[in-house]
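Fold and contact review
Here is how the chains run, residue by residue.
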Amino acid sequence: MKGKLKQHYYFLAIFIGLMLFLGIYAFTYTKLQVKLMPLIVCGIALGLAVNELRKELTNHKKKECDDDTDYVQLKDDTDTNRQSDLRIYTIGFIWTIGLVLAIYLVGFLISTPLFIILYLMTHGRRSWSSVLIAVIVGAVLFTVSYFLQLEMFPGILFGGIV
Amino acid sequence: MELNYAYILQSFVNGFLNLWELNIILGMLLGMVLGLVVGILPALGPTMVIVLILPFLFGADPLFALTMLTAIFAVNYTAGSITAILMGIPGATANMATVLDGFAMTKKGQGGRAIGAALGSSAIGGTVAVLFAIIMMPLIYPLVMAMRTPEMFCLILLAMCFISAVTRGSPTKGLMSACLGIVLGFVGFQSSTGAGRWTFGNIYLYDGISIICVMLGLFAFVMLLDMRVSAKPLAPVNLTQANDLRELWEGVKSSARHFSLWFRSTIIGYIVGVIPGIGAETAIWVAYGQAQKTSKHPETFGKGNIEGVIAPESANNAKEGGAFLTTMAFGIPGSMGMAYMLVAFLIVGLTPGPKMVTENADICFAMLQALGITGIIGAVICFFGSAVLLKITRIPPVYLFVTLMPLMLIGAYNANALLTDLWIMLIIGLVGILMYKNRYPFAPAVLGFVLAPFFENYFWLSWNLEGIRMFDSPLCIIFILIAIFVVFYKFFINSCKRLFRLRKGETA
């Protein structure tokens, strides 16, 4: 519970900070037509976020008062689940960043099969099945991009310009 | 523009004739295949596949693109009922109520009959709802044509309030999500003055953030990562019950025998679909509840009563007819999934709302007709091929992840051929993860982003023409009052309860 609350606090803090910054920035525009709507929307968003933060704090205090052994046990279990979820999300996010970087370097047509092979092999799949899927996906990609005339970035190593 | 019934009739016929062009038929077939596959896979939903397809629809023929997407919606819930009945795992959230009695029937060895009833009621419910929508089209014309810019402004305001406040979870979170979407939608040139807004001198931001990046980042990326966390391959299922055609046919006949039940459920589904922002999840439970109340054997519900399968399955398919009508005619998404359909309209170059119905009525009619036709064909495919479709559930989610992730990145790049879009999508994806983990809905953000420029344009156009008097038309007043009620309804209800309790205390 504490983990979730902490996470939500951070989210709300970032949200409030962002809206404040954008609102203040919008205030500097000279024309009314440019700044009016952003100011209204940022103002509403700020009000809602502060209200949400107030609600969270009130609920948190209430729950702390009701704290008992079962709750602590439950809290520990959900915290562990949440951390493992977050770890899987982070790993997935890192894999995606890696794929984007590979696309930068060698383009879509090489990085995609490479990503598939590496990902599947590191996740316990057999090497031949990983290669087979990578080849099939690569072939489908090539055919689709050829017939639909999709522009596939070739990668800076193969003459792609960023 | 005057109400012209000849134009409506001509559009209806044109729409129907256009459906039979080869590319449109192929598009609908593709849509049906995708809809059936994602319907049967609990890890994927129709919204996910639509979001992944959208980047590839730039420049496509509007009718081809829209009928294909319509076909996905038409067959998705039909396929989802098969896993709900045989495995107890709903293919989509709209099939949750079907699990209660459908799975109980499977345990009794009546799975084939339950599937037949689900397919029959899905096909009939969907088709009848489409007929309702087609009949309603000419009837809503006067209302649609009464819309001027002030009314459109108020209507967009109402749509955003509806989708934010009615969404699952806290209305505050829904509204915050909508505000975030609007803020992202304001980035770039302000259309009436040409001045840059929140661009920080960056050339990329002058054109605004790409709609594809927002959709893929906020929805597809997060859902793909989530699939790694939550999805597991489904256990193999005994296919004997799905293969028994005689039992399946018995089920279809049962759904026809319960005429009044599916008709009532269809009407419930249709009405829920017309109301903006409320999804099939509401329709199925309302239909299930009324089926139990009106049943001769309410005590058998949840233990394998076929009425508990017919009611939710009629309602979830009927909902689409109503939702499509609201989305096309007023530009207000009838459900969360329709918010993404709005984006599809914009991508193919159509403006949803009154203009869509008055200028592209043939496409509107064609979409409704495609919804009905593909719904029936989808049910027939499921009738004969449910055993084959069930084999798809054995695909491990890890294979879906590795094939869909590159596809998503290709889609993000393909929209503008800019690698910067990939990074922007990842940043928005990070925001999406934080939103998802803290239970903030995505649909209001997407809707806010899509409607933000229209919202601002309509406001300034109306303000420059009429000033504060822009709000004094009856329609504007009605829309604003409904919007206020939708946002503050919990507060109103609580206040009324408190007042009632106080008075009760005084009299005691």
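Presented here is an overview of the structure given in this document. Keep in mind it's a predicted model, so treat the numbers as computed, not measured.

This brings us to the overall build of chain A. Broken down by element type, chain A carries five helices and zero strands. Mapped from its N terminus to its C terminus, chain A presents α and β elements in the order α-α-α-α-α. The proportion of buried residues among the 162 residues of chain A is 35%. Intrachain contacts of chain A at a sequence separation of at least 6 include 62% that bridge at least 24 residues. With an accessible surface of roughly 9900 Å², chain A has 69% of that area assigned to carbon and sulfur atoms.

Our next topic: unusual backbone geometry. All names here are of chain B. Of note, the phi angle at Trp 198 is positive, near 50°, even though the residue is not glycine. Among the secondary structure elements, Trp 198 is positioned in the loop between β2 (196–197) and α9 (203–206). Among the residues examined, Trp 198 registers a relative accessible area of 2% and is labelled buried. One non-glycine residue, Phe 200, adopts positive backbone phi at about 50°. With respect to the helices and strands, the residue Phe 200 is situated in the loop between β2 and α9.

A few words now on helix α3 (residues 46–53) of chain B. Within α3(B), eight of the eight residues are buried, leaving the element largely enclosed by the surrounding structure. Within α3(B), the full set of buried residues consists of B:Pro46, B:Thr47, B:Met48, B:Val49, B:Ile50, B:Val51, B:Leu52 and B:Ile53.

Once that is clear, we can look at the side chain of B:Thr374. Residue and element names in this part refer to chain B. Within the secondary structure layout, Thr 374 lies in helix α18 (residues 361–390). Looking at Thr 374, its side chain comes within polar contact range of the main-chain oxygen of Ala 370, at 2.4 Å. In this structure, Thr 374 is in contact with Met 28, Met 32, Ala 71, Ala 74 and Val 75, ignoring residues within four places of it in sequence.

Residue and element names in this part refer to chain B. Relative to the assigned elements, Thr 98 resides in helix α5 (residues 96–107). Taking relative accessible area as the criterion, Thr 98 reaches 0% and is therefore assigned buried. For Thr 98, the side chain forms a polar contact with the side chain of Glu 313, separated by 2.6 Å. The contacts of Thr 98, once residues within four sequence positions are left out, are Ala 84, Ile 85, Phe 103, Gly 308, Val 309, Pro 312 and Glu 313.

Time to look at the interface of chain B and chain A. Counting from both sides, the interface comprises 56 residues of chain B and, opposite them, 59 residues of chain A. At the boundary of chain B with chain A, total buried surface from both sides reaches about 5500 Å², with 77% on carbon and sulfur atoms. In terms of surface lost to chain A, no three residues of chain B exceed B:Trp198, B:Arg228 and B:Lys437, which account for 12% of the buried area on that side. Linking chain B with chain A are zero salt bridges, by the criterion used here. Taken together, chain B and chain A are joined by seven residue pairs in polar contact (both at pLDDT 80 or more). The element contributing the most residues to the side of chain B that touches chain A is helix α19 (residues 397–416) of chain B, with 11 residues. Looking at side-chain class alone, the side of chain B that touches chain A contains 40 nonpolar, 10 polar and six charged residues.

With that settled, consider empty space enclosed by the protein. All names here are of chain B. Taken as a whole and assessed by the stated rule, the structure comprises two cavities of 30 Å³ or more. Put simply, the largest cavity is a space of about 120 Å³. What lines the largest cavity is a set of 16 residues, and nearest its centre among them are Met 152, Ile 156, Gly 331, Pro 352 and Leu 451. Of all the secondary structure elements, the ones that give two or more residues to the lining of the largest cavity are α7 (149–165), α16 (336–347) and α21 (443–466). Approximately 70 Å³ is the volume attributed to the second largest cavity.

Glancing now at a nonpolar patch on the surface. All names here are of chain A. Together, Leu 105, Leu 109, Ile 110, Leu 114, Leu 118, Phe 142, Tyr 146, Phe 147, Ile 156, Leu 157 and Phe 158 make up a nonpolar patch on the protein surface, roughly 1200 Å² of accessible area in all. Within the residue set of the nonpolar patch, elements represented by two or more residues are α4 (108–122) and α5 (127–147). Residue classification places Leu 157 among the exposed residues on the basis of a relative accessible area of 60%.

Time to look at the nonpolar core. Among the nonpolar cores identified, the biggest contains 216 residues, and B:Leu54 and B:Met408 are the most heavily contacted of them. With 15 residues, helix α6 (residues 111–145) of chain B is the largest single contributor of residues to this core.

Turning next to the packing of α5(B) against α6(B). Residue and element names in this part refer to chain B. Direction vectors running N to C along α5 and α6 enclose 150°, while the axes themselves pass 7 Å from each other. Comparing their axes, α6 and α5 come out roughly antiparallel. Facing Gly 102, Met 105 and Thr 106 of α5, the residues of α6 in contact are Gly 111, Arg 113 and Ala 114. Per-class residue counts for the contact of α5 with α6 are two nonpolar, three polar and one charged.

What follows is about the packing of helix α15 (residues 307–330) of chain B against α16(B). All names here are of chain B. Look at α15 against α16: their axes get within 10 Å of each other, and the N-to-C directions meet at 45°. By the criterion of interaxial angle, the relationship of α15 to α16 is oblique. For the pair α15 and α16, the sense of crossing is right-handed. Within the contact between the two elements, α15 uses Glu 320, Ala 323, Phe 324, Thr 327 and Met 328 and α16 uses Met 338, Met 341, Leu 342 and Phe 345. Residues of the contact of α15 with α16, tallied by class, amount to seven nonpolar, one polar and one charged.

Cut-offs used in this document
Residues numbered from 1 in each chain as written. Chains lettered and ligands numbered in written order. Predicted model: local features only at pLDDT ≥ 70, side-chain atom pairs only at ≥ 80, totals over all residues. Heavy atoms only, no water. Helix = DSSP H or I, 4+ residues; strand = E, 2+ residues; numbered from the N terminus. Buried < 20%, exposed > 50% of the residue type's maximum accessible area, 1.4 Å probe, protein only. Contact = heavy atoms within 4.5 Å. Areas by Shrake-Rupley, 256 points an atom, 1.4 Å probe, with all protein chains shown as cover. Polar contact = N/O pair within 3.5 Å; in protein donor to acceptor, adjacent residues only side chain to side chain. Buried area = accessible area lost by both parts, 1.4 Å probe. Salt bridge = Lys/Arg side-chain N within 4 Å of Asp/Glu carboxyl O. Nonpolar A, V, L, I, M, F, W, Y, C, P; charged D, E, K, R; others polar. 1 Å grid on protein atoms, 1.4 Å probe; cavity = no way out; pocket = protein on both sides within 12 Å on 5 of 7 lines; lining within 4 Å. Points joined across faces, edges and corners; volume = space filled by probe spheres on them. Patch = residues over 30% accessible without salt bridge, like charges linked within 9 Å, V, L, I, M, F, W, Y side chains within 5 Å. Core = buried A, V, L, I, M, F, W, Y, C linked by side-chain atoms within 4.5 Å. Axes fitted to C-alpha atoms, helices over the stretch in contact; angles between N-to-C directions. Parallel < 35°, antiparallel > 145°, perpendicular 65-115°, else oblique. Left-handed = near helix turned anticlockwise from the far one by under 90°.

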